[in-house]
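# Remarks on the overall topology
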Amino acid sequence: MPVWIYDLSHWQLLILFAGVAVCVCWGSTIVLKPVMTRWFGSDHEDRNSIIDILVAGTGLFYGLLLGLVAVGAYTNYSNADDSATREADAVGVLYRDASNFPEPQRSQLQSEILRYIDVVINQEFPSAHRGELRATASPVATEIHKKIVSFAPTTFGGEALDSETLRQFADVITARNQRLNQMTAGLPGTLWFVLIVGAVINLALIAMLGINKLSAHLTLSGIFALFLSLMIFLIADLDHPFLGQYSIAPDALETIRNIVIPQIG
């Protein structure tokens, strides 16, 4: 699916899919109606019995494919949202661990963690919404790691704190890597090709049905095209979780920065 469609709003994207589907269906109906008449004459029963068999076969397998792809797209979207939330939670716990460090390590660590949050919110997420993958917070994460390992505890409690902070930092990096991987995730082009071609085939079969009144044929085929376009719109909308105007936002990180961290101090 081309990236430019994610610059559109939800309504614009829905209208685009619905308009293309209805135009293809109605165009096929008008073009194929005289062709089918020449092939089958006025015997609608014979024509429809053959097309019914084709629609039953293609519709069954295409419906299964649409359902499986829609479930997979929603699962990927949900997993991406969970990764962003886990990263925010891990960052919040890391900041709390850093508040137990002695000065000046405490202030330095907390400052770097806040800078990490700001870079992710203000740079990485906006670039992902534009279809660009930028790991601009990686140098900040490296600085956080350096400051943690530079801490030289002299007590058993200090060693436990250092170990726990390193473990929590590892959780942040794990969640971060998952988020970055999912920022580029999407359905393969081959699958989109099968979905589009399958939709065109099913629309063409509906257009081949023998219905005397053209207005009735256009109405029924248009309803089918609208339903098909809704399914493809749903899959396209969920395909790239971080891409577009209405994608996964850094709300969890903003909550940590604006509400949780000020209470920690």
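Residues numbered from 1 in each chain as written. Predicted model: local features only at pLDDT ≥ 70, side-chain atom pairs only at ≥ 80, totals over all residues. Heavy atoms only, no water.

## Regarding the overall build of the protein
Applied cut-off: Counting from the N terminus, the helices are the DSSP runs of H or I reaching at least four residues and the strands are the DSSP runs of E reaching at least two. In this description the radius of gyration comes from C-alpha coordinates, and the expected globular size is given by 2.2 Å times residues to the power 0.38. Each residue is assigned to one of three classes by its accessible area relative to the maximum for its type, calculated with a 1.4 Å probe on protein chains only: buried under 20%, partly exposed between the two thresholds, exposed over 50%. Whether two residues are in contact is decided by their heavy atoms: any pair within 4.5 Å suffices.
In terms of helices and strands, the protein carries eight helices and zero strands. Against the 2.2 N^0.38 benchmark of 18 Å for 265 residues, the protein shows a C-alpha radius of gyration of 27 Å, more extended than a compact globule. A total of 265 residues make up the protein; the buried ones form 41% of that total. Intrachain contacts of the protein at a sequence separation of at least 6 include 79% that bridge at least 24 residues.

## Looking at the packing of helix 1 (residues 10-40) against helix 6 (residues 189-207)
To be explicit about the condition: Only the stretch in contact is used when a helix axis is fitted, and all axes are lines through C-alpha atoms; the angle between N-to-C directions ranges over 0 to 180 degrees. Angle categories: roughly parallel below 35 degrees, roughly antiparallel above 145, roughly perpendicular from 65 to 115, and oblique for all the rest. Handedness of a helix crossing follows the sense of rotation of the near helix relative to the far helix, less than a right angle counterclockwise being left-handed and clockwise being right-handed. Any residue that is not Ala, Val, Leu, Ile, Met, Phe, Trp, Tyr, Cys, Pro, Asp, Glu, Lys or Arg is counted as polar, Gly included; the first ten are nonpolar and the last four charged.
Direction vectors running N to C along helix 1 and helix 6 enclose 40°, while the axes themselves pass 8 Å from each other. Our classification of the angle between helix 1 and helix 6 gives oblique. Every pair of crossing elements has a handedness; the one defined by helix 1 and helix 6 is right-handed. Between helix 1 and helix 6, the residues in contact are Ala21, Val24, Cys25, Ser28, Thr29 and Leu32 and Leu203, Ala204 and Ala207, respectively. Split by residue class, the contact of helix 1 with helix 6 holds seven nonpolar, two polar and no charged.

## Things to note about a nonpolar patch on the surface
Here is the rule: Exposure above 30% relative accessible area and no salt bridge define the residues that can form patches, which grow by joining like charges within 9 Å and nonpolar side chains of Val, Leu, Ile, Met, Phe, Trp and Tyr within 5 Å. Here the open area of atoms and residues is found with the Shrake-Rupley method and a 1.4 Å probe, where only the protein chains shown may cover a residue. By convention in these notes, a salt bridge is any Lys or Arg side-chain nitrogen within 4 Å of a carboxyl oxygen on Asp or Glu.
Together, Trp4, Leu16, Val20, Val24, Ile196 and Val200 give the surface a local cluster of nonpolar side chains, amounting to about 490 Å² of exposed area. Listed by contribution, the elements that provide at least two residues to the nonpolar patch are helix 1 and helix 6. At three residues, the largest contribution of residues to the nonpolar patch is made by helix 1. Secondary-structure assignment places Val200 in helix 6.

## A look at the environment of Tyr246
Mapped onto the secondary structure, Tyr246 falls in the loop between helix 7 (214-239) and helix 8 (251-264). Look at Tyr246 and you get partly exposed, because its relative accessible area is 49%. Considered as a pair, Tyr246 and His129 are 117 residues apart in the sequence and their alpha carbons are 8.7 Å apart. The contacts of Tyr246, once residues within four sequence positions are left out, are Ser9 and His10.

## Focus on the packing of aromatic side chains
Think of a pair of aromatic rings as described by two things: how far the centres are apart, and how the planes are tilted against each other in angle. We apply this condition: In this analysis, rings of Phe, Tyr and Trp, with Trp reduced to its six-membered ring, are considered paired at centre separations within 6.5 Å, and the interplanar angle assigns stacked below 30 degrees, edge-to-face beyond 60, and tilted for intermediate values.
Counted by the stated rule, this structure contains one aromatic pair. For the ring pair Phe125 and Phe242, a centre distance of 5.8 Å and an interplane angle of 65° mean the geometry is edge-to-face. Taken as a pair, Phe125 in helix 3 (residues 105-129) and Phe242 in the loop between helix 7 and helix 8 lie far apart in primary sequence, 117 residues in all. Judged by its relative accessible area of 2%, Phe125 is buried.

## Topic: the side chain of Asn48
Definition in use: Nitrogen and oxygen atoms within 3.5 Å of one another constitute a polar contact, given that in protein one can donate a hydrogen and the other can accept it, and given that sequence-neighbouring residues count only through two side-chain atoms.
Tracing the backbone through its elements, the reader meets Asn48 in helix 2 (residues 44-98). Classification of Asn48 by relative accessible area gives buried; the value is 18%. From its side chain, Asn48 meets the backbone nitrogen of Gly210 in a polar contact 2.6 Å long. Once you skip the residues sitting within four places of it in the chain, Asn48 turns out to touch Leu209 and Gly210.

## Let's talk about helix 8
Which entries qualify depends on this criterion: A helix's residues, less one, multiplied by 1.5 Å, set its expected span.
Spanning 14 residues, helix 8 covers 19 Å between terminal C-alpha atoms, matching the ideal 20 Å at 1.5 Å per step. Along helix 8, the residues that are buried comprise Leu253, Ile256, Ile261 and Ile264. Buried residues along helix 8 sit against helix 2 and helix 3.

## Examining the side chain of Glu124
Locating Glu124 in the fold gives a position in helix 3. Judged by relative accessible area, Glu124 falls into the buried class, the value being 0%. Among the polar contacts listed, one links the side chain of Glu124 to the side chain of Arg179, at a separation of 2.8 Å. Excluding its chain neighbours within four sequence positions, the residues that come into contact with Glu124 are Val119, Arg134, Ala135, Thr136, Ala137, Ser138, Arg176, Arg179, Leu180 and Met183.

## Digging into the pattern of salt bridges
Following the criterion strictly, the structure yields 11 salt bridges and no others. Between Lys147 and Glu143 there is a salt bridge; the shortest N-O distance is 3.7 Å. Highlighted residues: Lys147 and Glu143, both in helix 4 (residues 138-149), separated by four residues, approximately one helical turn. With relative accessibility at 19%, the residue Lys147 sits in the buried group.

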